[in-house]
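Chain residues, written in single-letter form:
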Amino acid sequence: MLGNRQRIIDFSTRHKLLLASGFGPWVREGALLSYGPDTDASTRRAAVYVDKILRGARPDELPIEQPTKFQLLINSRTAKSLGLDIPPTLLATADEVIE
């Protein structure tokens, strides 16, 4: 799906379909909204794991971690093109609003 992300976004825009994702880049490129793990925070946590392994830790002994920070992104430009009014309370709770 990542390789076809722009095609999927273009298709949903052309056919006036609501498109939600779990990753922010989709919203920045035209999807309506996304709610999912903060990829920057997940990348930082992965770097900590790599560091531990390079220092000799056994991967099978490291605890499995789940994301703890999630982000809501809303593309208000896409909402307007779809004729949607996003409630101000939802916009206020979003981590990022694309204008």
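That block above? That's the structure.
The rules behind these values
- Residues numbered from 1 in each chain as written.
- Predicted model: local features only at pLDDT ≥ 70, side-chain atom pairs only at ≥ 80, totals over all residues.
- Heavy atoms only, no water.
- Helix = DSSP H or I, 4+ residues; strand = E, 2+ residues; numbered from the N terminus.
- Rg over C-alpha atoms; globule rule 2.2 N^0.38 Å.
- Buried < 20%, exposed > 50% of the residue type's maximum accessible area, 1.4 Å probe, protein only.
- Contact = heavy atoms within 4.5 Å.
- Areas by Shrake-Rupley, 256 points an atom, 1.4 Å probe, with all protein chains shown as cover.
- Lys, Arg positive; Asp, Glu negative; His and termini not counted.
- Charge placed at Lys NZ, Arg CZ, Asp CG, Glu CD.
- Pairing = 2+ DSSP bridges.
- Polar contact = N/O pair within 3.5 Å; in protein donor to acceptor, adjacent residues only side chain to side chain.

**Q** Which parts of the structure should I look at to understand the overall build of the protein chain?
**A** Each helix and strand in the protein chain was counted, giving 5 helices and 4 strands. Ordering the α and β elements of the protein chain from the N terminus gives α-β-α-β-α-β-α-α-β. For 99 residues, the compact-globule estimate of 2.2 N^0.38 gives 13 Å, and the C-alpha radius of gyration of the protein chain, at 17 Å, exceeds that figure by more than 25%. The buried share of the protein chain, reckoned over its 99 residues, is 25%. For the protein chain, long-range pairs separated by at least 24 residues make up 45% of all intrachain contacts whose partners lie at least 6 apart in sequence. When the accessible surface of the protein chain is summed, it comes to about 7100 Å², and 59% of that surface belongs to carbon and sulfur atoms. Considering the protein chain, the positive charge centre built from 13 side chains and the negative charge centre built from 12 side chains are found 4 Å apart.

**Q** What is the right way to look at the pairing of strand E3 (residues 70-75) in this model?
**A** For a regular strand, side-chain orientation follows a simple rule: the groups alternate between the two sheet faces. As defined by bridge partners, strand E2 (residues 33-37) adjoins E3 across 5 bridges and the pair is classed as antiparallel. The residue bridging Gly 36 from the neighbouring strand is Gln 71, located in E3. As judged from the 3 bridges shared by E3 and strand E4 (residues 96-98), these two strands associate in the parallel manner. Residue pairing across strands places Asn 75 opposite Ile 98, the latter belonging to E4.

**Q** I would appreciate a short explanation of the sheet that holds E2 in the present structure.
**A** One key point about sheets: their strands pair by backbone hydrogen bonds, in either a parallel or an antiparallel sense. One open sheet holds the 4 strands; their spatial order is E1-E2-E3-E4, and the pairing between them is mixed. With partners counted over all chains shown, the strands left at the sheet margins are strand E1 (20-21) and E4, one partner each. Note: E1 against E2, 2 bridges, orientation parallel. By the bridge assignment for E2, Ser 21 is matched with Ser 34.

**Q** Would you mind going over the side chain of Asp 38 with me for this structure?
**A** Here Asp 38 shows up in the loop between E2 and helix H3 (39-54). A distance of 3.0 Å separates a polar atom in the side chain of Asp 38 from the backbone nitrogen of Asp 40. Every residue in contact with Asp 38, bar those within four places of it in the chain, is listed here: Lys 69, Phe 70 and Gln 71.

In short, shape yes, function no, at least from these values alone.
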